[in-house]
Amino acid sequence: MAINTRRHFLTQAASGMAVALAYPSSRVLGANNRVRVGMIGVGARGQELLKQILEVQDAELVAVVDIYTRRCEEAKRLASGIITLNDHRRLLDRNDIDAVIVASPLHIHARHFLDTLAAGKDLYAEKTMTWSIAEAEQCLAAAKKSDRVVQVGLQHESSGALADSKKWMKDGIVGKVTQVNAWMSRNTPHGKGQWVRQVPDDCTPQNVNWNAFLNGRQDRPFDPYKFINWRLFWEFSGGNVTENLIHQIAFILSALDVPLPTAASMSGGVFSEKDGREVPDTIAVTYEFPDIVVTWQSTFSNSHYGLGEHFLGSDGTIEHVAGATEMVTGESREAIRYYPEKANRRDGIPLASQTPNQNHMANWVDCVRTRKAPNAPVEIGYRSAIAAHMANISYRQKQRVTLEAARSAPPK
Ligand SMILES: NC(=O)c1ccc[n+]([C@@H]2O[C@H](COP(=O)([O-])OP(=O)(O)OC[C@H]3O[C@@H](n4cnc5c(N)ncnc54)[C@H](O)[C@@H]3O)[C@@H](O)[C@H]2O)c1
């Protein structure tokens with residue numbers, strides 16, 4: 001991690017922003033040493049994670065929390081024996097839960113992160129780690145003070161592609177990387193904006209704890225559209241930067257093993273579907289690092305090139321692509337490949353994927369049992385979150401922002 005990041009963290013901790021908490025240093029796990037799991041937020045992603053945790057042999061799902069009755073009913077249909085609750089504090093009070101998966105909307109992540117650690121539970125925290133830079137500092141500080149295992153839901157940190165990239169970099173066959181170009185593209189039928197979800201009939205004030213969703217945001221009458229489509233609005237979301245750039249910038253930061261960007265610039269707008277959303281659908285980000293420039297481009301009006309990253313080195317290129325439409329066959333493919341640069345590795349040969357993916361959820365459960373560091377620890381959650389927020393701050397301010405300026409800027 002960058003020195004300036006550490007210094008900032010210490011300053012924050014000294015100024016009292018970090019929460020001082022007492023953590024149990026050891027915990028007796030459930031029967032057969034199984035990890036007893038609770039979940040906060042069982043919407044779309046939460047239900048995917050619920051299915052994943054049910055598949056992990058050394059884990060047992062005990063209870064879930066959601067503030068929308070429909071989601072609790074859906075979770076119960078997926079795992080009939082579980083307890084369902086409507087307040088995350090009741091879940092964290094329970095002694096029969098060792099570890100918690102958080103998959104709530106972005107603007108509530110920090111609260112659920114901090115409360116889970118304060119309750120002495122291990123944590124799987126969906127990305128992006130937090131909604132703001134200040135919250136990321138708080139969560140990093142709390143995690144560092146605790147001995148709890150924290151895995152961030154950046155599942156590509158468990159990928160074989162990342163392991164291959166790190167190995168090729170370490171082996172010296174990529175050489176000096178001065179540029180990384182990344183992109184992410186999607187499309188939807190005309191008239192239907194990316195991410196827009198229909199509001200179910202039972203999404204009513206009787207079935208939703210609207211106040212718990214607002215999480216301290218300005219009080220207002222129940223708004224079912226915003227509750228379901230929180231991703232489209234800055235108050236609750238960071239848009240495509242916190243939804244998708246986050247995975248790729250985490251991958252790039254890990255592969256290059258570089259500290260935080262020194263500056264970010266982001267341009268774009270709402271161009272694809274003008275459906276009332278605030279967050280841009282068309283984006284170009286440039287990150288500056290000492291001696292490296294990283295770019296990321298994104299559109300919601302064309303999916304032809306899928307997503308990927310090109311690491312451009314003096315001795316070789318790493319090409320990581322997924323979901324691109326192959327010109328001739330029309331098929332999509334995911335691949336990681338290495339190509340030597342003839343200028344500096346005349347006899348080098350191209351390489352293909354070498355390492356299998358690890359199961360990110362199983363890695364977390366394994367680390368809860370062994371107390372080892374997981375594949376996506378709090379540090380990469382923190383660094384990727386800061387990078388994402390720098391880009392959004394630049395977009396909102398319509399100017400290039402340095403790391404220092406972003407840290408003192410209003411959120412987003
Ligand atoms: N890692 C990945 O690949 C991946 C993929 C998709 C989504 N995500 C992340 O997962 C998170 C959730 O996204 P989603 O699409 O599932 O959203 P969603 O709206 O479908 O689900 C969020 C759930 O949280 C519940 N909730 C809201 N406030 C709550 C509170 N105070 N306490 C308890 N529950 C509360 C909602 O009722 C809802 O069921 C987001 O942070 C998103 O970025 C990650």
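Residues numbered from 1 in each chain as written. Predicted model: local features only at pLDDT ≥ 70, side-chain atom pairs only at ≥ 80, totals over all residues. Heavy atoms only, no water.

A. Structural detail: the side chain of His 360. Here His 360 is to be found in helix α11 (residues 360-370). A polar side-chain atom of His 360 sits 2.9 Å from the main-chain carbonyl oxygen of Val 152. If near-sequence neighbours (up to four positions away) are discounted, His 360 is found in contact with Tyr 124, Gln 151, Val 152, Gly 153, Leu 154, Gln 155, Ser 158 and Ala 376. (Helix = DSSP H or I, 4+ residues; strand = E, 2+ residues; numbered from the N terminus. Polar contact = N/O pair within 3.5 Å; in protein donor to acceptor, adjacent residues only side chain to side chain. Contact = heavy atoms within 4.5 Å.)

B. Inspection of the side chain of Ser 104 at higher detail. Looking at where Ser 104 falls in the secondary structure, it is placed in the loop between β4 (99-102) and α5 (109-118). Judged by its relative accessible area of 9%, Ser 104 falls in the buried class. Looking at Ser 104, its side chain comes within polar contact range of the side chain of His 112, at 2.9 Å. Sequence-distant contacts of Ser 104, that is, excluding residues within four places in its chain, are made with Ile 40, Gly 41, His 109 and His 112. (Buried < 20%, exposed > 50% of the residue type's maximum accessible area, 1.4 Å probe, protein only.)

C. A look at the packing of aromatic side chains. The tally for this structure, following the rule as stated, stands at twelve aromatic pairs. Plain terms: the ring middles of Tyr 68 and Phe 227 are 5.7 Å apart, the flat faces sit at 75° to each other, and that makes the pair edge-to-face. Residue Tyr 68 is located in the loop between β2 (59-65) and α3 (69-78), and its partner Phe 227 is located in helix α9 (residues 224-228); the two are separated by 159 residues in the primary sequence. The burial state of Tyr 68 is the same as that of Phe 227; both residues are buried. When the centroid spacing of 6.4 Å and the interplanar angle of 75° are considered together, the rings of Tyr 225 and Phe 233 count as edge-to-face. In this structure an aromatic cluster arises from ring pairing among Tyr 68, Trp 210, Phe 213, Phe 222, Phe 227 and Phe 236. Over the face of the ring belonging to Trp 131 we find Arg 217, whose NZ or CZ atom lies 4.4 Å from the ring centre. Positioned above the aromatic ring of Tyr 395 is the side chain of Lys 398, whose terminal nitrogen or guanidinium carbon lies 5.9 Å from the ring centre. (Phe/Tyr/Trp six-rings, centres within 6.5 Å; stacked < 30°, edge-to-face > 60°. Lys NZ or Arg CZ within 6 Å of the ring centre and 35° of its normal.)

Take it as geometry only, folks, not as evidence of what the structure does.
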